[in-house]
Amino acid sequence: MTLPAPAAPVSVRDAVQALARTLESRDIDEALALAEWAVADLIRVGRAELRTEGARVLNGPDRARLAERAERLAADEPLQYVLGHADFLGRRFACDARALIPRPETEELVLTALRLALPDPIATVRVADVGTGSGCIAISLALERPNAAILATDTSAAALALAESNARALGTAGRVRFLCVDLLGGTAPDSLDAVVSNPPYIESPVLAGLDRRVRDFEPRAALDGGPDGLDTIRRLAPAAVAALRPGGHILLEIGETQGPAVRTLLSHAGFAGVRILPDLCRRERFAVGIRAFSSPPRGPGIC
Ligand SMILES: C[S@@+](CC[C@H](N)C(=O)[O-])C[C@H]1O[C@@H](n2cnc3c(N)ncnc32)[C@H](O)[C@@H]1O
């Protein structure tokens, strides 16, 4: 059974089944779940509510949109790109091939940054998100810390355009400054309280073996971290040391085997108390460091 032509009336229940079978016939993983998400989103209900909406008949425009979604899902395009959005920390971000799809572990990075580096909810602080992509980190920080000034950088003008439209949609347009620069290019020395980044960190040789949905659809510049995955972090560490005030924090998302190397990189660059932290699945996915004082802070003089 394939999807009925957009002109033919179809119930929600039949549409889900037809889409699931179409996807199964193309060997697409999780065909039923994808079909349920695609139809639920189309009629603007949660996936759990589909059961009670089963007899509802899809209108003509919805059938046409579903046919378009079916084609894209059958080509193994990621669901979030097909739907055009992804949820991140309870907020909806527009999402398309211009930027990486926001991931749950990056939600953990933001929560860790709030807890360790920005614990005061009303403090006036300056924070940079390096490699902002969809803007999910920068915008979430701006919403959680209303007095923070956020700088969001990316080398992809296309990603920045998406991030800026997300900032407008989520009401943070005036508080996040988007810049198309390399890393922290142009940031004044000693001016930031925190640098948060989910940089590209996948080892180049591993890219070819990634899930097709990632490899063929997400931007290579968002994934490729060079031969050992650490090219961007290697350059970001000294740039962050220069831009942070003494005592300011760096928080990075990293690959699960990269902890020891990143710890060394950050320590050599001038970060103290470097820690590698696990995610909820107990994989070592985050690195945190504090910019050391260039000389030990002076106590009261003895004379
Ligand atoms: C892994 S994605 C992260 C996107 C987003 N922050 C997130 O967590 O979903 C990395 C981003 O860094 C950007 N990028 C890569 N190299 C960069 C550089 N040297 N300076 C600034 N941004 C860079 C890429 O264009 C991409 O948008």
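The rules behind these values
Residues numbered from 1 in each chain as written. Predicted model: local features only at pLDDT ≥ 70, side-chain atom pairs only at ≥ 80, totals over all residues. Heavy atoms only, no water. Core = buried A, V, L, I, M, F, W, Y, C linked by side-chain atoms within 4.5 Å. Buried < 20%, exposed > 50% of the residue type's maximum accessible area, 1.4 Å probe, protein only. Helix = DSSP H or I, 4+ residues; strand = E, 2+ residues; numbered from the N terminus. Contact = heavy atoms within 4.5 Å. Near = heavy atom within 4 Å. Polar contact = N/O pair within 3.5 Å; in protein donor to acceptor, adjacent residues only side chain to side chain. Nonpolar A, V, L, I, M, F, W, Y, C, P; charged D, E, K, R; others polar. Pairing = 2+ DSSP bridges. Axes fitted to C-alpha atoms, helices over the stretch in contact; angles between N-to-C directions.

Participant: Help me understand the nonpolar core, please; the structure alone is not making it clear to me.
Facilitator: If you look at the biggest cluster of nonpolar residues, it comprises 31 residues, and the most contacted ones within it are Leu118, Val127, Leu141, Ile150 and Val196. Mapped onto this core, the elements with two or more residues apiece are helix 5 (104-116), helix 6 (136-144), strand 4 (149-154), helix 7 (157-169), strand 5 (176-180), strand 6 (192-197) and strand 9 (284-291). When near neighbours in sequence (up to four residues on either side) are disregarded, Leu118 contacts Ala113, Val125, Val127, Leu141, Arg145 and Ala194. In terms of nonpolar packing, the next biggest core, distinct from the first, is built from 26 residues, Ala20, Leu23, Ile43 and Leu58 among them.

Participant: What's the story with the site of the ligand in this structure? I'm lost.
Facilitator: Taken together, 19 residues lie near the ligand, and Gly131, Asp154, Asp182, Leu183 and Asn198 sit nearest. In the model, a nitrogen atom of the ligand is placed 2.8 Å from a nitrogen or oxygen of the Gly131 main chain. Contacts to the ligand include Asn198, whose side-chain N or O atom sits 2.9 Å from an oxygen atom. For the shell around the ligand, the elements supplying multiple residues, two or more each, are helix 6 and helix 10 (220-223). The class makeup of the residues in the shell around the ligand is 9 nonpolar, 7 polar and 3 charged.

Participant: Just to check I follow, could you spell out the sheet that holds strand 8 (residues 271-278) for this structure?
Facilitator: Sheet strands pair by backbone hydrogen bonding; their relative direction is either parallel or antiparallel. Reading across from one edge, 5-4-3-6-7-9-8 is the order of the 7 strands in this open sheet, with mixed pairing throughout. The open sheet terminates on both sides in strands that have one partner only, identified here as strand 5 and strand 8. Shown here is a sheet whose adjacent strand axes are inclined to one another by a mean of 15°, direction ignored. Alignment of strand 4 against strand 5, held across 5 bridges, turns out to be parallel. Bridge pairing in strand 5 links Thr153 to Leu179. Packed onto the sheet, helix 11 (residues 231-243) meets strand 3 (126-130), strand 6, strand 7 (244-253), strand 8 and strand 9 and runs at close to 155° relative to strand 7. Together, strand 7, strand 8 and strand 9 form the strand contacts of helix 12 (residues 259-269), whose direction differs from that of strand 8 by roughly 160°.

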